[in-house]
Amino acid sequence: MAWMEERLLISTNMERLGNAENTAAYPDNMAPPISADVPAAPVRESVPASIITVVSKQTVRPEGASPIGDLKLSFSDMLMLSCSYIQKGLFFQPTGTPMPGILSSLVSSLSRALGVFLPLAGRLVTLPDGRIVIRCDDDDAAVEFYHAVAPTLSLGDFLVPDADVPTMLTKDLFPMACAVSYEGHHRPLASFQATVLGDGAIFVAVVVNHAVVDGTSFWHFFNTWAGLCRGEPVQPPDFGRTFFGGSTAVLQFSGRDGPAGTLDAAPPLRERVVHFSAAAIRDLKAAANGCGKTNEDSMVNGEISSFQSICAHIWLAVTRARPQLAADATTTFRMAVNCRHRLRPTISPVYFGNAIQIVATTATVAELVANDLRWAAARLHATVAAHDDSAIRQVAADWDAAPWCFPRGNSDGAALIMVSSPRFPMYDGTDFGWGRAVAARSGCDSKIDGMLSALPGQAGDGSVDVEVCLAPDTMARLLGDNEFLQYVSHAP
């Protein structure tokens, strides 16, 4: 078999592993502020042995890097110390290229990409004064690259129309299961895995510490790595900390190991990728901006965006699908907002690090379900529009006065959080020379009831996919809601 031949060829440079990491990842999420000490968290139940097997591991070091010294974590980075690593990956059709050549190209271009994004090969270090930095210039700077195989699986086992995401399979496509960002003190800040399926399809997974990057920086790196594979020029990141690195506050943890990083139990969840065609999104946006005006409070300044319209549609539908919520209960929709262009002066669009903040929109269950799409979208729009330079700086000042990091979970069962963005270049810039990816998927570590992750449609036609993670009964009701499904379609 081709993968066995490749294993023999690379065995002199790689450490072989007997078994894949079979530990399932458990979800983590962002909610309202709490103190730096995050409540203890649980261990996922045992699962069957994986049929995805890691056959080799290689240590990859940066090539051609210039020293940059320690890179201080900003307050926006430190908020993420309790969060799971970002886990994203792409499926590619069979390439027809021998696997040793593919792996060699991936590893050599990864080494050069790390030379540009040197912090990804570093480690977190807490200084004597309590500040946390990325130690970039150590002789030990490196990442891990895994090669895995799944000879009994094919692309069709993962991309099944009108079916849940097979999370028992996808979890083993990603290395470093259950890693929490604070653990970057003693674990790699990034890890990579190329999994070859039995039909020759490839999944390329990237796992990066969330205290080091946000989604914008993550995809900038991913695009750079793929571009180097194709021989494309590099756009270097901006490591400046002119605004986001200005805080002098430090986090204090009661335990030696920082914030707790697991949850006490793994509740049953279902995950489904919901597709919104470009035409459906236009209809949603038109409805959000022009229909169903109920009162003056529903009027907004400026146009409600396509993405806000999608979010409002999901917020309404999921709330209807949670009949256990009391009418006077508060339901919350949280969104990650990119601050790069909102600050005055703006910071570089290639700023490296976390330049996001979480904004929350609330309503009682009764008022949300009693109103229409325009009302819900207007609430979301107003929240986002109000998050300007002064609001961003106020969040920073509040954090300086009482530092905290994100807690985990959905404690009241009434929240939703939308992460990622359909604007991220998940398909347009990630061709490693084998053609356009056919699907993007996330790992399991950030999945809880109410987690939503937005992805651009694979076709690049303005469509949007949303990974929806819900309790099983809620998901069943959502998928039976014709009002919700009227805007949902099959991906092409």
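Here we summarise the structure given alongside this text.

1. Observations concerning the pairing of strand S5 (residues 132–135)
Strand direction decides the pairing type here: strand S2 (residues 70–72) and S5, joined by three bridges, are antiparallel. Within the sheet, the bridge partner assigned to Lys72 lies in S5 and is Val133. Sheet topology places strand S4 (residues 123–126) next to S5; four bridges connect them, and they run antiparallel. Residue pairing in the sheet places Thr126 in a bridge with Ile132 of S5. Two successive antiparallel strands, S4 and S5, enclose a turn made up of five residues, where Gly130 displays a positive phi of approximately 95°.

2. A word on the side chain of Thr383
Within the secondary structure, Thr383 sits in helix H10 (residues 373–385). A polar side-chain atom of Thr383 sits 2.7 Å from a polar atom in the side chain of Thr361. At 3.1 Å, the side chain of Thr383 forms a polar contact with the backbone oxygen of Arg379. In contact with Thr383, not counting residues within four places along its chain, are Val359, Ala360 and Thr361.

3. Observations regarding helix H7 (residues 278–290)
In this model H7 runs 18 Å from its N-terminal to its C-terminal C-alpha over 13 residues, within 8% of the 18 Å that 1.5 Å per residue would give. Along H7, the residues that are buried comprise Ala278, Ala280, Ile281, Leu284, Ala287 and Ala288.

4. Overview of the sheet that holds strand S6 (residues 143–150)
Whenever strands of a sheet pair, they do so through backbone hydrogen bonds, lying parallel or antiparallel. Spatially, the six strands line up as an open sheet ordered S1-S6-S7-S8-S3-S13, and their pairing is mixed. One side of each edge strand has no neighbouring strand; the edge strands of this open sheet are strand S1 (53–60) and strand S13 (439–442). Direction aside, the axes of adjacent strands within the sheet are offset by 20° on average. Two strands pair when backbone bridges link them, and S6 and strand S7 (residues 190–197) are joined in this way by seven bridges, in the parallel orientation. Looking at S7, one finds that Ala150 is bridged to Leu197. Lying on the sheet, helix H3 (residues 99–116) is in contact with S1, S6, S7 and strand S8 (202–208); it crosses S6 at an angle near 160°. Contacts from helix H6 (residues 215–230) reach strand S3 (86–92), S6, S7 and S8 within the one sheet, and its direction differs from that of S3 by about 35°.

5. Let's talk about the pairing of strand S14 (residues 451–456)
Here S14 lies mainly inside the structure; six of its six residues are buried. Neither face of S14 is open: one carries Met451, Ser453 and Leu455, the other Leu452, Ala454 and Pro456, and all of them are buried. Bridging between strand S12 (residues 415–420) and S14 involves four bridges; their strand directions are parallel. Bridge pairing in S14 links Ser420 to Ala454.

6. Focus: the nonpolar core
Within the largest apolar cluster, 97 residues are counted, with the highest numbers of intra-cluster contacts made by Leu81, Leu120, Phe145 and Trp225. One finds Ile310, Phe333, Met335 and Leu368 within the second-largest nonpolar core, a separate group that totals 42 residues.

Rules used in this analysis
Residues numbered from 1 in each chain as written. Predicted model: local features only at pLDDT ≥ 70, side-chain atom pairs only at ≥ 80, totals over all residues. Heavy atoms only, no water. Pairing = 2+ DSSP bridges. Helix = DSSP H or I, 4+ residues; strand = E, 2+ residues; numbered from the N terminus. Polar contact = N/O pair within 3.5 Å; in protein donor to acceptor, adjacent residues only side chain to side chain. Contact = heavy atoms within 4.5 Å. Expected span 1.5 Å × (residues − 1). Buried < 20%, exposed > 50% of the residue type's maximum accessible area, 1.4 Å probe, protein only. Axes fitted to C-alpha atoms, helices over the stretch in contact; angles between N-to-C directions. Core = buried A, V, L, I, M, F, W, Y, C linked by side-chain atoms within 4.5 Å.

Spatial relationships are all this shows, so hold off on functional conclusions.
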